[in-house]
Protein chains: 2
Amino acid sequence: MTTIKDVARAAGVSVSTVSHVLSGRRPISEPTRLRVLEAIERLGYRPNRLAQGLVSKSSRSLGLLVPDLANPFFGSMAEAMEIAAHDRGYSVILCNTNLDPKREADYLSMLLSRQVDGLLYFPGTRVPNRALLEAVAAGVPVVVVDERIDNLPGVFVDNFDGGRQLGRLLAQLGHRSLLFIGGPEGLPTVTDRLNGLRAGLAEGGSAPTNLLLRFGEYRASHGYETIHVCAREGVFAAVGDERPTAVVAANDMIALGALRALRELQLQVPRDCSLTGFDGVEFTAMITPSLTTVQQPSTRVATAAVELLLQRIESGENHRDRAAQRQQAHDDQAEVAPVIPHVVLPVTLVVRESVAPPPPQR
Amino acid sequence: MTTIKDVARAAGVSVSTVSHVLSGRRPISEPTRLRVLEAIERLGYRPNRLAQGLVSKSSRSLGLLVPDLANPFFGSMAEAMEIAAHDRGYSVILCNTNLDPKREADYLSMLLSRQVDGLLYFPGTRVPNRALLEAVAAGVPVVVVDERIDNLPGVFVDNFDGGRQLGRLLAQLGHRSLLFIGGPEGLPTVTDRLNGLRAGLAEGGSAPTNLLLRFGEYRASHGYETIHVCAREGVFAAVGDERPTAVVAANDMIALGALRALRELQLQVPRDCSLTGFDGVEFTAMITPSLTTVQQPSTRVATAAVELLLQRIESGENHRDRAAQRQQAHDDQAEVAPVIPHVVLPVTLVVRESVAPPPPQR
DNA sequence: TATCGAAATCAAAACGTTTTGATTACCAGG
DNA sequence: CCTGGTAATCAAAACGTTTTGATTTCGATA
């Protein structure tokens with residue numbers, strides 16, 4: 001490999017001169033500059049970022065912790081975040097947590113070893129993760145994406161409002177008995193969507209007589225199995241208000257699985273049962289029936305998350321000196337509670353073929 | 001940050017002793033070892049991988065170049081590769097090439113700067129990319145995934161056979177007029193699938209009287225628009241052998257878009273027109289009608305790619321000394337042409353609801 | 001003419017590791 | 001009792017950068 005030393009020798013200057021040409025931090029005479037640039041070009045020199053990182057104490061890289069890349073929602077988020085980071089000169093280290101807190105801890109430790117400048121974190125399961133909090137305590141800037149965690153900065157959408165819009169729509173259509181198939185129980189997105197749903201139903205003029213709740217993973221298989229389990233329990237055989245006339249899935253993948261299962265049960269969507277999703281990934285517009293869902297501005301969420309993280313990184317909000325600074329502030333004057341930014345982006349209800357008024361009661 | 005120096009001081013030993021405790025390369029007395037480990041634990045020491053990489057000349061990281069993470073096929077591949085790499089102690093730097101050769105070149109340069117030990121490369125468009133070949137020439141081990149490139153090691157599936165199985169099936173059902181909606185023209189996967197399709201059709205006893213070809217991106221929008229464009233051109237209004245009775249999409253995303261467009265044209269799948277995909281991503285089983293497709297063993301492809309790459313890395317197949325070694329070999333004896341491994345994995349035809357015999361001629 | 005500041009350059013230290021002799025102490029074998 | 005080898009440890013060099021304090025030269029100012 002050709003190093004800065006080789007360039008210096010080839011150009012007949014010192015190593016520091018080459019560095020100054022590259023960084024522009026000190027004036028260099030034009031002839032020298034040209035000779036150096038020519039040598040760089042000729043030798044195909046490429047600075048070693050490990051060495052740069054060692055002295056600058058910054059690897060210019062971000063850790064991206066994501067639960068499940070096979071889910072196109074996370075895929076497109078990851079894509080948008082990587083692109084935003086790249087545009088700002090940062091690389092992204094991909095970590096697939098697979099909903100496993102142990103894996104998360106493992107990755108976190110690796111990322112700290114690699115001196116990442118910040119973390120983009122999609123919580124997979126119940127939050128917060130202990131290892132993540134330790135990383136935060138160690139002074140690594142973190143932005144939580146797609147999920148609200150009280151004491152950590154985050155970027156996410158107005159899940160409550162999304163749920164509410166769905167609730168209003170369904171209430172207005174006349175649905176009073178619903179099955180809510182949630183994601184992991186206790187996850188703020190899930191809870192917010194559910195609470196919004198309740199509020200929307202009430203606003204729409206229908207205190208639901210029956211709201212059945214199921215929780216599980218954010219996966220198609222969970223939607224599929226839940227429907228079949230419910231069917232086995234006789235949920236869909238019930239009469240009157242007992243029988244759900246609409247299925248509200250906590251995300252699009254769950255809805256997709258549910259749709260399949262409903263079809264296998266000979267329940268036609270939306271004639272026999274309405275169905276809604278959440279997230280608005282691409283396929284929801286393509287399937288039959290097309291899915292009524294709540295559209296997230298996922299690219300905006302992704303770029304906002306990266307912006308927020310870089311802002312925190314570059315403002316030096318990080319660093320283990322933080323504790324010391326705090327102490328300082330404490331001595332000087334009344335301590336100001338640090339502001340934890342939460343960026344909340346709006347969602348859009350997209351009404352498509354999968355909803356209709358409930359069927360006439362049998 | 002706490003460094004190895006801090007640990008050494010705390011344990012009352014030299015820096016090298018701490019290093020030896022950690023690496024086990026030299027014997028250390030038990031009491032010393034324990035004191036060092038205790039100090040590490042107490043200080044929360046974590047070795048700096050940048051520094052390690054600088055001296056070991058290996059970052060223990062891989063570059064992953066992928067065209068489009070929003071496509072769940074690439075998403076699940078990326079996921080599986082990252083997991084396999086992590087299991088072997090390597091990190092993955094994510095690069096979203098977005099089908100743009102310029103971006104690819106940009107990423108490649110960055111990855112070399114970061115001293116990645118190897119590259120996992122999904123070609124997006126016409127191959128090979130100049131920048132990639134330069135990286136290879138520079139001695140970075142590369143494995144091409146999902147695509148056959150003659151002079152580069154690769155892992156991919158038997159696309160020809162997949163196409164052939166589809167062709168046989170369709171021929172046996174009686175289809176003689178087909179529309180093939182390809183991915184990027186000239187991409188080996190696309191060509192192989194198409195050639196296989198032709199062979200299969202012939203084997204199945206139907207030299208197609210009409211095989212219409214369209215090329216474009218591996219995206220749902222391409223399938224969607226192609227169908228509409230064809231409709232506008234009167235393709236589906238033709239009578240007799242002119243009218244395609246089956247649409248063969250080069251991958252599942254294209255098929256998904258095509259399915260939607262066909263439905264908008266009031267063409268029912270499979271009654272009026274059969275439809276097939278390729279790859280076998282999860283949603284193909286869930287949509288209505290469920291999609292006949294060719295299933296790739298994507299996890300196996302992904303892990304095989306990582307295995308192959310690590311094998312090449314760890315066998316020291318890399319390094320710029322390669323040229324020198326070659327020269328050496330040349331002097332010693334007749335030069336042995338280096339073997340470029342191509343791992344080809346089998347595919348499985350999955351027949352689902354989206355195919356049927358062609359409708360009776362109007 | 002003596003002084004000052006800026007431009008241009010260099011040498012050396014520092015970043016946090018691993019690796020490689022040296023050095024010491026000890027014990028076994030002749 | 002000397003010789004060699006091995007266990008245990010340390011000091012120093014090296015990895016490829018950036019940064020900082022000198023140093024030199026030169027033109028402008030007092």
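Because the structure is a prediction, the values reported are computed rather than measured.

1. Brief notes about the overall build of chain A
Next, step 1: Each helix and strand in chain A was counted, giving 13 helices and 12 strands.
Next, step 2: Its C-alpha atoms give chain A a radius of gyration of 26 Å, more than 25% over the compact-globule value 21 Å for 362 residues.
Next, step 3: The burial tally for chain A puts 54% of its 362 residues in the buried class.
Next, step 4: Taking as baseline every contact in chain A between residues at least 6 positions apart, the subset at least 24 positions apart corresponds to 75%.
Next, step 5: Looking at chain A as shown, the accessible area adds up to about 15,200 Å², and 51% of this sits on carbon and sulfur atoms.
Next, step 6: Here chain A contributes 37 positive and 39 negative side-chain charges, whose respective centroids are spaced 4 Å apart.

2. Points about the relation of the copies chain B and chain A
Next, step 1: For the pair chain B and chain A, the best superposition has an RMSD of 0.1 Å and corresponds to a rotation of 180° with a translation of 0.0 Å parallel to the axis. Both copies are brought into coincidence by an operation consistent with a two-fold rotation axis. Among all residues of chain B, the minimum C-alpha distance to the rotation axis is found for Ile93(B), at 2.3 Å.
Next, step 2: Take the interface residues of chain B: 100% of them recur as interface residues in chain A, which is what a same-surface contact looks like.

3. Re the packing of aromatic side chains
Next, step 1: Counting across every chain of the model gives 6 aromatic pairs over all chains.
Next, step 2: Look at Phe74(A) and Phe122(A): their rings are 5.4 Å apart centre to centre, the planes differ by 90°, and that puts the pair in the edge-to-face class. Of this pair, Phe74(A) sits in helix α5 (residues 72-87) while Phe122(A) sits in the loop between β3 (118-121) and α7 (130-137), and the two are 48 residues apart along the sequence. Of the two residues, Phe74(A) and Phe122(A), neither departs from the other in class, the shared state being buried.
Next, step 3: Put simply, the rings of Phe73(A), Phe74(A) and Phe122(A) pair up and form one aromatic cluster.
Next, step 4: Here the basic side chain of Arg60(B) rests over the ring of Tyr90(B), its NZ or CZ set 4.5 Å away from the ring centre.

4. What to know about the interface of chain B and chain A
Next, step 1: Counting residues at the interface gives 57 residues for chain B and 57 residues for chain A.
Next, step 2: Across the chain B/chain A interface, buried area totals approximately 5,200 Å², and carbon plus sulfur atoms make up 55% of it.
Next, step 3: The largest share of the area that chain B buries against chain A comes from Leu50(B), Arg114(B) and Met286(B), three residues that together contribute 14% of it.
Next, step 4: In this structure, the connection of chain B to chain A is made through 4 salt bridges.
Next, step 5: Close ionic contact of Glu353(A) with Arg263(B) constitutes a salt bridge, the shortest N to O distance being 3.3 Å.
Next, step 6: Taken together, the links from chain B to chain A amount to 32 residue pairs in polar contact (both at pLDDT 80 or more).
Next, step 7: Listed by contribution, the elements that provide at least two residues to the side of chain B that touches chain A are α4 (49-56), α5 (72-87), β2 (91-96), α6 (101-113), α10 (220-232) and α11 (252-264) of chain B.

5. Thoughts on the sheet that holds strand β8 (residues 246-249) of chain B
Whenever strands of a sheet pair, they do so through backbone hydrogen bonds, lying parallel or antiparallel.
Residues and elements named next belong to chain B.
Next, step 1: Pairing within the open sheet is parallel, and its 4 strands lie in the order β7-β6-β8-β9. With partners counted over all chains shown, the strands left at the sheet margins are β7 (210-214) and β9 (274-276), one partner each. Adjacent strand axes in the sheet meet at a mean angle of 15°, parallel and antiparallel pairs treated alike.
Next, step 2: As paired elements, strand β6 (residues 177-181) and β7 share 5 bridges and run parallel to each other.

6. Brief notes about the protein's contact with DNA strand D
Next, step 1: If you check the shell around DNA strand D, you find 30 residues, and the closest are Ile4(A), Arg26(A), Thr17(B), Arg26(B) and Thr32(B).
Next, step 2: A share of 61% of the atoms of DNA strand D within 4 Å of the protein falls on sugar and phosphate groups.
Next, step 3: In this structure, Ser16(B) approaches DNA strand D through a side-chain N or O atom, which is 3.0 Å from a base nitrogen.
Next, step 4: Here Thr17(B) contributes a side-chain N or O atom positioned 2.5 Å from a phosphate oxygen of DNA strand D.
Next, step 5: Among the secondary structure elements, those contributing two or more residues to the surface near DNA strand D are α2 (15-23) and α4 (49-56) of chain A together with α2 (15-23) and α4 of chain B.
Next, step 6: Here the residues of the surface near DNA strand D are counted per class, giving 12 nonpolar, 13 polar and 5 charged.

7. Looking at the protein's contact with DNA strand C
Next, step 1: In the neighbourhood of DNA strand C, 30 residues make up the surrounding shell, with Thr17(A), Arg26(A), Thr32(A), Ile4(B) and Arg26(B) lying closest.
Next, step 2: The protein-proximal atoms of DNA strand C, defined as those within 4 Å of the protein, are 61% sugar or phosphate.
Next, step 3: Between DNA strand C and Arg26(A) there is a distance of 2.7 Å, counted from a base oxygen to a side-chain nitrogen or oxygen.
Next, step 4: Taking Tyr45(B), its side chain carries an N or O atom lying 3.0 Å from a sugar or linking oxygen of DNA strand C.
Next, step 5: Elements supplying a minimum of two residues to the surface near DNA strand C: α2 and α4 of chain A together with α2 and α4 of chain B.
Next, step 6: In terms of residue class, the surface near DNA strand C is built from 12 nonpolar, 13 polar and 5 charged.

8. Topic: the domain arrangement of chain A
Next, step 1: For chain A, the assigned domains are domain 1 (4-47), domain 2 (59-156 + 299-317 + 339-345) and domain 3 (159-296).
Next, step 2: Each of domain 1 of chain A and domain 3 of chain A has a C-alpha centre, and these two points are 63 Å apart.

Conventions we followed
Residues numbered from 1 in each chain as written. Chains lettered and ligands numbered in written order. Predicted model: local features only at pLDDT ≥ 70, side-chain atom pairs only at ≥ 80, totals over all residues. Heavy atoms only, no water. Helix = DSSP H or I, 4+ residues; strand = E, 2+ residues; numbered from the N terminus. Rg over C-alpha atoms; globule rule 2.2 N^0.38 Å. Buried < 20%, exposed > 50% of the residue type's maximum accessible area, 1.4 Å probe, protein only. Contact = heavy atoms within 4.5 Å. Areas by Shrake-Rupley, 256 points an atom, 1.4 Å probe, with all protein chains shown as cover. Lys, Arg positive; Asp, Glu negative; His and termini not counted. Charge placed at Lys NZ, Arg CZ, Asp CG, Glu CD. Least-squares fit on C-alpha atoms with pLDDT ≥ 70 in both. Phe/Tyr/Trp six-rings, centres within 6.5 Å; stacked < 30°, edge-to-face > 60°. Lys NZ or Arg CZ within 6 Å of the ring centre and 35° of its normal. Buried area = accessible area lost by both parts, 1.4 Å probe. Salt bridge = Lys/Arg side-chain N within 4 Å of Asp/Glu carboxyl O. Polar contact = N/O pair within 3.5 Å; in protein donor to acceptor, adjacent residues only side chain to side chain. Pairing = 2+ DSSP bridges. Axes fitted to C-alpha atoms, helices over the stretch in contact; angles between N-to-C directions. Near = heavy atom within 4 Å. Nonpolar A, V, L, I, M, F, W, Y, C, P; charged D, E, K, R; others polar. Domains from an automatic or database assignment.

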